[in-house]
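Listed here are the chains, written in short residue letters.
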Amino acid sequence: MDQWFNALSREMGRSNDRFDAYQKGTQGVVQLAFTLIASATITVILTSGFK
C-alpha cells in the first residue's frame, strides 16, 4: 500500500509540472495576442490621424 501511495504521489507531481508548463505557455500566447491587438489598434489610429 505504501509503494502504491508513493507511486501515485510521484505521478501527481509530474502531472502538476505538466499543467504548470501548459498554463505558462497559454499565458504567454494570450499575452502575445493582446500585444498584437494593441499594436495593430495603435497603428490604425495613428495612420488614420495623419491622413
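Our subject in this report is the structure included herewith. (Residues numbered from 1 in each chain as written. Predicted model: local features only at pLDDT ≥ 70, side-chain atom pairs only at ≥ 80, totals over all residues. Heavy atoms only, no water.)

## Let's talk about the overall build of the protein chain
And step 1. Looking only at helices and strands, the protein chain has one helix and zero strands in total.
And step 2. By the compact-globule yardstick of 10 Å for 51 residues, the protein chain is too spread out, its C-alpha radius of gyration being 22 Å.
And step 3. Across its three principal directions, the C-alpha atoms of the protein chain cover 75 × 5 × 5 Å.
And step 4. Evaluated residue by residue, the protein chain yields a buried proportion of 0% over its 51 residues.
And step 5. Total accessible area computed for the protein chain in this model is approximately 4800 Å², and 67% of it derives from carbon and sulfur atoms. (Helix = DSSP H or I, 4+ residues; strand = E, 2+ residues; numbered from the N terminus. Rg over C-alpha atoms; globule rule 2.2 N^0.38 Å. Buried < 20%, exposed > 50% of the residue type's maximum accessible area, 1.4 Å probe, protein only. Areas by Shrake-Rupley, 256 points an atom, 1.4 Å probe, with all protein chains shown as cover.)

## Overview of the environment of Phe50
And step 1. If you trace the backbone, Phe50 turns up in the segment after α1 (2-49).
And step 2. C-alpha separation for the pair Phe50 and Asp17, spaced 33 residues apart in sequence, amounts to 50 Å.

## Re a nonpolar patch on the surface
And step 1. Among the surface-exposed residues, Met1, Trp4, Phe5, Leu8 and Met12 lie close enough to one another that they form a single nonpolar patch of about 630 Å² accessible area.
And step 2. Relative to the assigned elements, Met12 resides in helix α1. (Patch = residues over 30% accessible without salt bridge, like charges linked within 9 Å, V, L, I, M, F, W, Y side chains within 5 Å. Salt bridge = Lys/Arg side-chain N within 4 Å of Asp/Glu carboxyl O.)

## Quick look at the pattern of salt bridges
In a structure, side chains of opposite charge can pair up when their charged atoms sit close to one another.
And step 1. Taken as a whole, this structure holds one salt bridge when the rule is applied.
And step 2. Between Glu11 and Arg14 there is a salt bridge, and its shortest N-O distance comes to 2.7 Å. With a gap of three residues between them, Glu11 and Arg14 both fall in helix α1, about one helical turn apart.

## Observations concerning the environment of Ser15
And step 1. For Ser15, the position within the fold is in helix α1.
And step 2. When its relative accessible area of 32% is taken as the criterion, Ser15 is described as partly exposed.
And step 3. Spatially, the C-alpha atom of Ser15 lies 32 Å from that of Leu36, the residues being 21 residues apart in sequence.

In short, geometric facts, not functional conclusions.
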